[in-house]
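Residues per chain, in single letters:
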Amino acid sequence: MDPMGSLTSLGDPTRARILRLIRESEDGKALVSRIADALELRQPTISHHMKSLRDEGIVVREPDGRRVWYSIAPDYAARVDALLGDGARPAPDPDLGRIATDLTLRYRGVFGPETVRAKLVESYELLAGRSRSPMLASRTAAFTAARLDALKRSQGTPGAVPSVLFVCVQNAGRSQIAAGILRQLAGDRVLVRTAGSEPAGDVRSAIVGALDEIGVSLGDEFPKPLTDEAVRAADVVVTMGCGDACPIYPGRRYVDWELDDPVGKSPAQIRVIRDDIDGRVRTLLQELVAERSSAGLTE
């Protein structure tokens, strides 16, 4: 078997350069950057799902927008080829009919099939226009469910726990940091949502790494567009550099945090921003707990 698996499509000179980089590198993150430089990629998207890059492979966004997954480790070459063939295979169109049926069952007695279907189609269109993620179907289902939950909350009585919405521009940096930390600290005592005025396709890998350092996982979180029901369902809306994109509704508390955008910053600079957000989140949580206590709402 070719030791580089699907990298055969890159040609012998490039493959040889990558093999040399792998032999010389002990740091997976450094290897990512060096491979990108060796291939002379323009704004590559590189994903490493295992602890070490050499255990899995790299995903490269080609100039035409396609994502190509190239295997690095021979043990995974067969798996990669079975999934994607020699190049990139576009993800199949989401089965919106099946998703609508399942969500209708989930929200039976709360929303009718027409409402569920309308939110699903709209959610798909909002995400598909910005993301080329192979997980578009599951993201569409999750985004639709989150919107229906928010709509239910906004139309009913106040929830048993406070709801916080973090909003930034791309929903790939500051808002995700804040949300991840608040979920970690509050658990199920606070309902946390995020959104972006101009959401990116994926959460920045540097953000995921900076949070992982302090034991915070983003799980399956992904950038989501700002929607009306998300704002209506929130008790507190925290904005971070998104200007006037967030609608104002009575009864909500609005807070604006002036923070540097971590996009393009060094790891050290991202840590400074992360720790600044951490302090603000802890203060916000203390305020929320105090408000519940003064209102007679105990744990």
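For the structure itself, look to the data block above.
Residues numbered from 1 in each chain as written. Predicted model: local features only at pLDDT ≥ 70, side-chain atom pairs only at ≥ 80, totals over all residues. Heavy atoms only, no water.

Q: Looking at this structure, I do not really get the packing of helix H4 (residues 96–106) against helix H6 (residues 136–155). What am I missing?
A: When two helices pack together, their arrangement is given by the angle between the helix axes and by the axis-to-axis distance. Interhelical geometry of H4 versus H6 gives an angle of 30 degrees and a closest axis separation of 11 Å. Regarding the angle of H4 to H6, the classification is roughly parallel. Between H4 and H6 lies a crossing of right-handed hand. Where H4 abuts H6, its residues Ile99, Leu103 and Arg106 lie against Ala137, Ala141, Thr144, Ala145 and Asp149. For the contact of H4 with H6, a count of residues per class yields 5 nonpolar, 1 polar and 2 charged. (Axes fitted to C-alpha atoms, helices over the stretch in contact; angles between N-to-C directions. Helix = DSSP H or I, 4+ residues; strand = E, 2+ residues; numbered from the N terminus. Parallel < 35°, antiparallel > 145°, perpendicular 65-115°, else oblique. Left-handed = near helix turned anticlockwise from the far one by under 90°. Contact = heavy atoms within 4.5 Å. Nonpolar A, V, L, I, M, F, W, Y, C, P; charged D, E, K, R; others polar.)

Q: Sorry, what's going on with H6 here?
A: Structural remark: α-helix, 3.6 residues per turn; residues separated by three or four positions point the same way. In a regular helix each residue adds 1.5 Å, so 20 residues correspond to 28 Å; H6 covers 28 Å between its end C-alpha atoms and thus fits that length. Those residues of H6 that sit buried are Leu136, Arg139, Thr140, Phe143, Thr144, Ala145, Arg147, Leu148, Ala150, Leu151 and Arg153. Packed against the buried residues of H6 are H4, helix H5 (113–128), strand S3 (163–168), strand S4 (191–196) and helix H9 (228–232). (Expected span 1.5 Å × (residues − 1). Buried < 20%, exposed > 50% of the residue type's maximum accessible area, 1.4 Å probe, protein only.)

Q: Please explain H4 as it appears in this structure.
A: Among the residues making up H4, those that are buried are Leu96, Ile99, Ala100 and Leu103. The buried residues of H4 occupy one face: seen down the axis, they fall within an arc of 100 degrees. Opposite its buried face, H4 presents the exposed residues Arg98, Thr101 and Leu105, each directed more than 90 degrees away. Considering only its buried residues, H4 is in contact with H5 and H6. (Arc of directions from axis to C-beta.)

Q: What is the right way to read the layout of surface pockets from this model?
A: Over the atoms a probe the size of a water molecule is rolled, and this reveals where empty space is left. Counted as a void, the second largest pocket has a volume near 410 Å³. Residue lining of the second largest pocket: 24 residues in total, with Ala142, Ala146, Arg147, Arg193 and Lys224 positioned closest to the centre. Among the elements of the structure, H6, S4 and H9 are those that each provide at least two residues to the lining of the second largest pocket. Of all the elements, H6 adds the most residues to the lining of the second largest pocket, at 8 residues. Here the lining of the second largest pocket is composed, by residue class, of 12 nonpolar, 2 polar and 10 charged. (1 Å grid on protein atoms, 1.4 Å probe; cavity = no way out; pocket = protein on both sides within 12 Å on 5 of 7 lines; lining within 4 Å. Points joined across faces, edges and corners; volume = space filled by probe spheres on them.)

Q: How do you make sense of unusual backbone geometry when you look at a structure like this?
A: Glycine aside, residues mostly have negative phi angles, and peptide bonds mostly take the trans form. Positive phi, normally seen in glycine, also occurs at Asn171, with a value near 50 degrees. Tracing the sequence through the fold places Asn171 in the loop between S3 and helix H7 (174–186). For Asn171, a relative accessible area of 0% corresponds to the buried category.

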